[in-house]
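Structural characterization, general
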Amino acid sequence: MTEPLLTVEGLRTHFFVDAGVVKAVDGVSFEIRRGEVVGLVGESGCGKTVTSLSIAGLIEPPARIVEGSVRFDGTELVGAPERVLNSVRGPRIAMIFQQPRASLDPVMSVGRQIGQALKSGTALDRSARRRRAVELLDRVGISDPDRRVREYPHQLSGGMAQRVMIAIALAGEPDLLIADEPTTALDVTVQAQILELLQELQTANDMAVILVTHDLGVVAEIADRAAVMYAGRIVEECSVSELYDAPLHPYTVGLMESRPAASHSKSRLRVIPGSVPVPVDLPVGCSFAPRCDARAANNLTVCTEQAPQPVSPRDGHRVRCWLHE
Amino acid sequence: MVRYTVRRLLQAVPLVFGAAVVTWILIHAAPGDPIVALAGEDGDAGYYAMMRERFGLDRPLHEQLFVYLGRLAQGDLGFSYRQNRSAVSVILDQLPATLLLMVPALAVASVIGISVGTLAAARKNSALDNTARTATLLGHAVPVFWLSQVLLLLFALRFDWFPVQGRSDARAGYEGFRALLDVGHHMVLPIAALVTVYVPPIMRVTRAAVIENLDEMYIRAARARGQSRRRVLIRHALPNAMLPIVTVIGSQIGFMFAGSVLVETVFAWPGLGRLLLSAILARDFAIITAMLLMLSVTIILMNLITDLVYSLLDPRVRHGT
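Values in this document were obtained by computation on a predicted structure and should not be read as measured data.

Cut-offs applied
Residues numbered from 1 in each chain as written. Chains lettered and ligands numbered in written order. Predicted model: local features only at pLDDT ≥ 70, side-chain atom pairs only at ≥ 80, totals over all residues. Domains from an automatic or database assignment. Contact = placed C-beta atoms within 7 Å. Helix = DSSP H or I, 4+ residues; strand = E, 2+ residues; numbered from the N terminus. Nonpolar A, V, L, I, M, F, W, Y, C, P; charged D, E, K, R; others polar. Pairing = 2+ DSSP bridges. Axes fitted to C-alpha atoms, helices over the stretch in contact; angles between N-to-C directions.

1. Let's talk about the domain arrangement of chain B
Residues and elements named next belong to chain B. Here chain B is described as being made up of domain 1 (2-87) and domain 2 (94-318). In this structure, domain 1 and domain 2 have C-alpha centres spaced 32 Å apart. At the interface, 21 residues of domain 1 touch 16 residues of domain 2. Listed by contribution, the elements that provide at least two residues to the side of domain 1 that touches domain 2 are α1 (2-29), α2 (34-39) and β1 (79-80). Its residues assigned to classes, the side of domain 1 that touches domain 2 shows 13 nonpolar, five polar and three charged.

Here it is, written out as structure tokens:
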């Protein structure tokens, strides 16, 4: 098998704040192959976004990558000089974000922002960049691109702004797209359109995608594999079909059960009791243990004493849980 | 844009008249008699009466006010008893000298304030930032007349690097380029004093606005498409921070006369500041009211220009959202 496009190993990103050290990402490892779509799933505050920012080298103080490695296509990105990171970001690894309108510079025209990405990703001259910007807007399904290219972000709807962000991301024909909750802030109908667009572009460009989301439906829609994060760690990693048919980690099981289902809309929504622990002074042992029904049911004491290591009960399926040791 | 400008100018007319009435009343409420100031005390009562009648000072105050406003409506800003010519011509004579100090001082202060503020924002809490903040705090706290005198004592009298006072060396009789150089030499110290006053607000507003914008999501998004830290600072954070910076620079222009009175007096610079001071001492009502009126017009105009610059800088203002 060929080398994966991206290998994240033992990544730890901590925030050094007055209240203590917040271990937002605490030992995350995963791989992604060329053209693969991986869903990074979890509740708010579980470290999904910090993980994706760490991959792109966009961690700012008070946060810092304290340990681990991010290898992208043979290049180590952790500790790489700014010059290297600036040449990777954009042309090789592109990102889109949750708040598309806030992610566009309000005083710079859409065309110029796409132009910036083209400048760092291609050798096109000014007028060629202008033409390419119009093509890209057309490619992401924006009507009247000749006019839109001169417009400013406040003249765009949220859905259009996300299309512009996608156009910017595509400008350098990246190998990897990190999409951080790309549809969360959008209307439901627009969500579907954006997902469809992403999927179509992913297939056409054979681009790998890390899809950061809390929405399992979105993962089911377009991801090949899923990695479930809890309190700064990946607790389960498997194909999307296994995630749906045979989840192993009690947290994943809880997440799947707490999805509203159309078939029995009258029944109460199942919830996972408690909330995500604040990652300052995490509990010793498994961080999910205090909320875990399975631990109580099986009377496991090891859960609160020692953190479980990842195990592979099935091929291509990894889980961090004492139930499966 | 043109319609907007015209509407704002029309709105300014009653404001200017209001300002004129208030300054006129304030000045006439202050103690002092222009005729006594002009002719000296213990003069001939008949001469006083004649002069009063000649300038209309014998009439009741409200009548004098109406006469003043009537003339103002026709563009007549009054007549200087002291200099025996129209207030406007006196002021226009002195204006270039003041602009010669104000314009370069404000330009230098803007460049220093914006660049140091931007750098300080980029390196928040660094040694550079702390030094800049302490220095601007000092610059803000030091009274400008004291600073001017210290500069004079140190760099003109002690080290003899710069001339002490005035705009040019009358005895040297320089011509051409040499004369220009001489004026430039005289400008250094007063401009240094004014720059010290102008820089702190510009620097502090720049720093705060840039810091605020550096936290915005579009900064991260720009970094994610490969823009370097420096480019993000100059191409994204600074342009977005320009509105408050333009506001503070605009308001400085409006108030530049205040600083100019003190600095021009210390350096014996023949400008509007010194004119205002001598007019006040001489109870030269026409000059005082005309200058204060000019001041309010400048402030109103600067506000308008600031708003127009906003729409140049920010498409959201331009499109009215």
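2. Observations concerning the interface of chain B and chain A
By a frequent convention, interface size equals the accessible area lost on bringing the separate parts together. Taken together, the 22 residues of chain B in the interface contact 25 residues of chain A. At the level of elements, α9 (217-224), α10 (229-254) and α14 (315-318) of chain B are the ones that each hand at least two residues to the side of chain B that touches chain A. Tallied by class, the residues present in the side of chain B that touches chain A amount to eight nonpolar, seven polar and seven charged.

3. Brief notes about the sheet that holds strand β9 (residues 225-230) of chain A
Residue and element names in this part refer to chain A. Taking strand neighbours across the sheet as the criterion, the eight strands line up as β6-β7-β8-β3-β9-β10-β12-β11 in an open arrangement whose pairing is mixed. The open sheet terminates on both sides in strands that have one partner only, identified here as β6 (93-96) and β11 (311-314). When the angles between neighbouring strand axes are averaged without regard to direction, this sheet yields 20°. As paired strands, β9 and strand β10 (residues 233-239) are joined by six bridges and run antiparallel to one another. When the bridges of β10 are listed, R225 appears paired with S239.

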